[in-house]
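# A look at the structure
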Amino acid sequence: MSEDAFIVAPTKKHTGTVIFLHGLGENGENWKQTLGKMVKPNIKVICLNASKIPLTLNKGFPTAAWFDLASLDENKMEDDKSILRAVDKLHDTLDEEIASSKVASTKTVLAGFSQGGALAMYAALTYHKRLAGVAVMSSWPVLRHTLPDAIINNTNTPMLQCHGTEDPVIYFKWGKLLADQLSKVNSKFEFKTYEGLMHAVNDQELADLKTFLNKVLP
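Residues numbered from 1 in each chain as written. Predicted model: local features only at pLDDT ≥ 70, side-chain atom pairs only at ≥ 80, totals over all residues. Heavy atoms only, no water.

Identification of the protein as palmitoyl-protein hydrolase from Sipha flava is taken from an unreviewed UniProt entry.

This part takes up unusual backbone geometry. Cis geometry is adopted by the peptide bond preceding Pro 148, which originates at Leu 147 and carries an omega value of 5 degrees. Phi is positive for Lys 102, which is not a glycine, with a value near 60 degrees. Residue placement: Lys 102 occurs in the loop between helix 2 (80-101) and strand 6 (108-113). What makes Lys 102 exposed here is its relative accessible area of 73%. At Ser 138, a position not held by glycine, the phi torsion is positive, near 55 degrees. Residue placement: Ser 138 occurs in the loop between strand 7 (133-137) and strand 8 (159-164). (Helix = DSSP H or I, 4+ residues; strand = E, 2+ residues; numbered from the N terminus. Buried < 20%, exposed > 50% of the residue type's maximum accessible area, 1.4 Å probe, protein only.)

Turning to the nonpolar core, a few remarks are in order. Leu 21, Phe 67, Leu 110, Leu 119, Met 121 and Trp 140 are the most contacted members of the largest nonpolar core, which totals 41 residues. Breaking this core down by element, the ones donating at least two residues are strand 2 (16-21), strand 3 (43-48), helix 2, helix 3 (115-125), strand 7 and helix 4 (172-185). Looking at this core, the element that brings in the most residues is helix 3, giving eight residues. One finds Phe 20, Met 38, Val 45 and Leu 217 within the second-largest nonpolar core, a separate group that totals 26 residues. (Core = buried A, V, L, I, M, F, W, Y, C linked by side-chain atoms within 4.5 Å.)

Below, the discussion takes up the side chain of His 22. Along the chain, the position of His 22 falls in the loop between strand 2 and helix 1 (29-36). Within the local environment of His 22, its side chain forms a polar contact with the backbone nitrogen of Ala 50, the two atoms lying 3.0 Å apart. If near-sequence neighbours (up to four positions away) are discounted, His 22 is found in contact with Asn 27, Gly 28, Trp 31, Leu 48, Asn 49, Ala 50, Ala 64, Trp 66, Phe 113 and Gly 116. (Polar contact = N/O pair within 3.5 Å; in protein donor to acceptor, adjacent residues only side chain to side chain. Contact = heavy atoms within 4.5 Å.)

Sheet topology places strand 4 (residues 52-55) next to strand 5 (residues 61-64); four bridges connect them, and they run antiparallel. Its bridge partner being in strand 5, Leu 55 is matched across the sheet by Phe 61. The turn linking strand 4 back onto strand 5 is made up of five residues, and Lys 59 within it adopts a positive phi angle of 55 degrees. (Pairing = 2+ DSSP bridges.)

A word on the side chain of Ser 82. Within the secondary structure layout, Ser 82 lies in helix 2. Judged by relative accessible area, Ser 82 falls into the buried class, the value being 8%. Every residue in contact with Ser 82, bar those within four places of it in the chain, is listed here: Phe 67 and Asp 68.

The next point concerns helix 2. For an α-helix, the turn length of 3.6 residues means that residues three or four places apart are oriented alike. With 22 residues, helix 2 should reach 32 Å at 1.5 Å per residue; the first-to-last C-alpha distance of 31 Å fits that figure. Residues of helix 2 that are buried: Ser 82, Ile 83, Ala 86, Val 87, Leu 90, His 91, Thr 93, Leu 94, Glu 97 and Ile 98. On its buried face, helix 2 sits against strand 2, strand 3, strand 6 and helix 3. A positive backbone phi angle near 60 degrees is found at Lys 102, which sits one or two residues after helix 2. (Expected span 1.5 Å × (residues − 1).)

Moving on to the packing of helix 2 against helix 3. Running from N to C, helix 2 and helix 3 cross one another at 70 degrees; their axes reach a closest spacing of 9 Å. When the axes of helix 2 and helix 3 are compared, the pair comes out roughly perpendicular. The interaxial crossing formed by helix 2 with helix 3 has right-handed handedness. Contacts between helix 2 and helix 3 involve Ile 83, Leu 84, Ala 86, Val 87, Leu 90 and His 91 on the former and, on the latter, Leu 119, Ala 120, Tyr 122 and Ala 123. Here the residues of the contact of helix 2 with helix 3 sort into nine nonpolar, one polar and no charged. (Axes fitted to C-alpha atoms, helices over the stretch in contact; angles between N-to-C directions. Parallel < 35°, antiparallel > 145°, perpendicular 65-115°, else oblique. Left-handed = near helix turned anticlockwise from the far one by under 90°. Nonpolar A, V, L, I, M, F, W, Y, C, P; charged D, E, K, R; others polar.)

Here it is as structure tokens:
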């Protein structure tokens, strides 16, 4: 995972942080612009940038990705080692940011879109510190064969999952698989769906995300 990031610096005393992971083939620049308009002036936003790696799904062509991916078919084998390396790096990023900023993990939100959201959710469930919240959009459950045994934390942390009903990339049924798992382990989990939305975000979803962020990071 690259240490590069697009950052929205707080304009008042820093009391909360959002760490966001973009989708496959993207970077954090557009998300910086979007999220920067959502948060209060005391909140820092860190939109991480994934490194370009040879992506099996893309015939080995270097692509900005958090981990290698061979298929979007839920029944295909996952690259467990690649995913777990990305989880470890994200845990390290969380630890480093919390230590350097002196803003507690309980004032830190982990969020992401698509592949970034899939990684963010698994990392949150396996992180040794409690977070303020977790928000994912258009995502799926990675390493679901390891759940719930792998979960060590954040089962009582507010979580928001959003998914469009007509997503042609990460099918709605895959988002529902994640929602079904999370609803069993977390009473503070909320699943919001958007009729007709494809693999993208719309104004209502962004409004819901803004409400969530401002609720868990007052």
